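What follows is the residue order along each chain.
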Amino acid sequence: MDFLSVFCNRIIISTFQSLVGICVGGDMITKRIPLLRLVTFIVLIVFILTSAVLLIFNNRVYSYLINEQGRNTLHLMSDSTEKNLEGLFANVQTALLFYGDYLDQTNYYNDPDLDRIQQYSFNVAKKIQSEVPQVSVLYYGDLQKRFGAFRLMEDGQLRMVLKDASTNNKMNFYSGATKVSEVTRVVDSYDPTQLPWFKPIMEDSSRQWSDIYATYDENFSLSIAAAKPIVTNGMLTGVVGMEVKLKELDLFLMDNPNKGSGIIYILDRSGQVVANSS
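Just so you know, these numbers come straight off a predicted model, no measurement behind them.

Rules of the game
Within any chain, residue numbers begin from 1 and follow the written order of that chain's sequence. Reporting of local features is limited, given that this is a predicted model, to residues whose pLDDT is at least 70; pairs of side-chain atoms are given and counted only at 80 or more, and all residues count toward the totals for whole chains, interfaces and linings. Only heavy atoms go into the side-chain values, all of them from the structure, while hydrogens and water stay out. Secondary structure follows DSSP: runs of H or I at least 4 residues long count as helices, runs of E at least 2 residues long count as strands, and numbering of each begins at the N terminus. Only protein chains enter the area calculation, which uses a 1.4 Å probe; residues under 20% of their type maximum are buried, those over 50% are exposed, and those in between are partly exposed. When checking whether two residues touch, look at their non-hydrogen atoms; a contact exists if any pair is within 4.5 Å. Accessibility throughout is a Shrake-Rupley quantity obtained with a 1.4 Å probe, and a residue counts as covered only by protein chains that appear here. We count a salt bridge whenever a side-chain nitrogen from Lys or Arg sits within 4 Å of a carboxyl oxygen from Asp or Glu. Strands qualify as paired when DSSP identifies two bridges or more between them. Simply put, an axis is a line fit to the C-alpha atoms, just over the touching stretch for a helix, and the angle between two N-to-C directions goes from 0 to 180 degrees. What pLDDT expresses is the predictor's confidence in each residue, scored from 0 to 100. A helix's residues, less one, multiplied by 1.5 Å, set its expected span. The arc in question is formed by the directions pointing from the helix axis toward the C-beta atoms. Aromatic rings from Phe, Tyr and Trp, with only the six-membered ring used for Trp, were paired whenever their centres fell within 6.5 Å, and each pair was classed as stacked if the ring planes differed by under 30 degrees, edge-to-face if by over 60, and tilted otherwise. Two conditions define a charge sitting above a ring: the NZ of Lys or the CZ of Arg must be within 6 Å of the ring centre, and it must be within 35 degrees of the ring normal.

1. Quick notes on the overall build of the protein
Thinking step 1. The secondary structure content of the protein amounts to five helices and 12 strands.
Thinking step 2. Going through the 278 residues of the protein one by one, you find that 37% of them count as buried.
Thinking step 3. Within the protein, counting contacts between residues at least 6 apart in sequence, those at least 24 apart form 49% of the total.
Thinking step 4. As displayed, the protein has an accessible area near 16,700 Å², and 58% of this comes from carbon and sulfur atoms.

2. Remarks on the side chain of Asn-172
Thinking step 1. Structurally, Asn-172 can be placed in strand β6 (residues 171-174).
Thinking step 2. Contact partners of Asn-172, with chain neighbours within four places excluded, come to Met-160, Val-161, Leu-162, Thr-167, Val-183, Arg-185 and Val-186.

3. Things to note about the pattern of salt bridges
Thinking step 1. Within the structure shown, the criterion is met by eight salt bridges.
Thinking step 2. Among the ionic pairs, Lys-228 bridges to Asp-101, the shortest N-O distance being 3.5 Å. Note that Lys-228 is positioned in strand β9 (residues 222-232) and Asp-101 in helix α2 (residues 35-104), a separation of 127 residues in sequence.
Thinking step 3. The salt bridge involving Asp-115 is made with Lys-179; its shortest N-O contact spans 3.1 Å.

4. Quick notes on the sheet that holds strand β4 (residues 147-152)
Thinking step 1. Taken together, eight strands build an open sheet; the order of strands is β7-β6-β5-β4-β3-β10-β9-β8 and the sheet is antiparallel. Every other strand in the sheet has two partners, leaving β7 (183-187) and β8 (213-214) as the edge strands with one partner each.
Thinking step 2. Alignment of β9 against strand β10 (residues 235-245), held across 10 bridges, turns out to be antiparallel. The partner of Lys-228 across the bridge, within β10, is Val-240.
Thinking step 3. Those strands touched by helix α3 (residues 115-131) are β3 (137-142), β4, β5 (158-163) and β10, and its axis lies near 20° from that of β4.

5. Observations concerning the confidence of the model for the protein
Thinking step 1. Across the protein, pLDDT averages 77, with 64% of residues at or above 70.
Thinking step 2. The element-level mean pLDDT for the protein is lowest in strand β1 (residues 21-24), coming to 45, with β5 highest at 96.
Thinking step 3. Across residues 19-30, where pLDDT falls below 50, the model places 17 contacts with residues more than four positions away in sequence or in other chains.

6. Considering α3
Thinking step 1. The end-to-end C-alpha distance of α3 is 25 Å, a good match for the 24 Å that 17 residues give at a rise of 1.5 Å each.
Thinking step 2. Of all the residues in α3, the buried ones are Ile-117, Gln-118, Tyr-120, Ser-121, Val-124, Ala-125 and Ile-128. Considered in projection along α3, the buried side chains sweep an arc of 155° and stay on one side of the axis.

7. Observations concerning the packing of aromatic side chains
Thinking step 1. Overall, the coordinates contain nine aromatic pairs when judged by the stated rule.
Thinking step 2. On the numbers, 4.1 Å between centres and 45° between planes, the contact of Tyr-139 with Trp-197 is tilted. Taken together, the positions of Tyr-139 in strand β3 and Trp-197 in the loop between β7 and α4 (199-203) put the pair 58 residues apart, joining distant regions of the chain.
Thinking step 3. Taking the relative accessible area as the measure of exposure, Tyr-139 reaches 1% and is therefore buried.
Thinking step 4. The structure contains a cluster of three or more aromatic residues connected by ring pairs, namely Tyr-139, Phe-147, Tyr-190, Trp-197 and Phe-198.
Thinking step 5. Of note, Arg-146 hangs over the ring of Tyr-109, and the distance from its end group to the ring centre comes to 5.9 Å.
Thinking step 6. One residue, Arg-185, lies across the ring of Phe-173, its end atom 5.0 Å from the ring centre.

Right, here's the structure in full:
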C-alpha cells in the first residue's frame with residue numbers, strides 16, 4: 001500500500017501542476033483555473049484512488065477465499081477418505097477375527113494334513129465373498145511350513161492353494177476349490193514363516209497389518225494383509241490372514257464422491273505411494 005500511495009501522490013502532483021501552471025525555462029508560470037475544473041479534478045483523483053484500493057482489496061479477499069475453500073476441500077477429502085478407509089479395513093479385521101477365533105479353539109494343527117482347516121476356510125471364504133469383497137485371498141500358514149489358501153476371484157469363483165503332506169510339501173495352485181481340480185502351477189520351495197504377513201507375528205503377536213509385498217499369484221500383484229496369530233495351548237502355532245490387493249484401494253479411492261477433479265494418494269510410512277485415485 002506504501003508504493004501505491006507514493007505512486008498516486010506523484011500522479012496528483014504532476015496532474016495538478018499541469019493544471020495550475022506550465023513550466024518555461026525552469027520557471028513556473030501560474031494560470032487561473034476555474035473552480036469547477038479544480039473540483040472535477042479532485043473528484044477524479046478520489047475516484048481513481050478509491051477504485052484502486054477496492055481493486056486491491058477485492059483481489060486479496062478473492063485470493064483468501066480461494067485458498068480457504070481449497071483448504072476446506074482438502075480437509076473434507078482427507079477426513080472422508082480416512083473414515084472410509086477405517087471402515088474398509090475394519091471390515092477386514094472383523095472378518096479375520098471371525099476366521100481365526102474358531103481355529104484357536106480347535107486342534108486342527110495336529111492333523112497330518114490341512115483338510116479340515118481347508119474345509120473351514122472354504123466356508124469362511126464363501127461367506128465373506130459377498131460381505132467383504134475387498135478381500136482377495138484368505139490363508140492359513142503354520143510353523144510346520146504348511147500353507148492353505150483360497151483365492152477369491154473377480155468372477156466369483158474360489159481357487160485353492162495348498163501345501164501340505166498331500167502335495168509332497170509343494171505349493172499347488174488349483175483351477176477350482178478342491179484338490180481334484182486341475183493343478184495350474186507348482187512352487188517347489190515355499191516357506192510361509194518367512195513371508196511379510198507371517199514373520200512379523202513371530203516377533204510381535206500384536207501386529208495386525210503387514211508391509212506391502214508381492215504375491216505369488218500369476219501377476220505378482222502388490223498387496224497388504226491383515227494377520228492374526230493362532231495360539232494353541234498358549235503357544236503360537238500358525239497365522240491366518242486376509243489379503244487386500246492394492247488395486248482394490250485404487251478402485252476404492254476412485255469411488256470417493258468428494259475428490260472432484262483432484263487425485264487422492266495414500267502413502268506408506270516411508271512416503272512411497274501405495275494407492276491413488278487416478
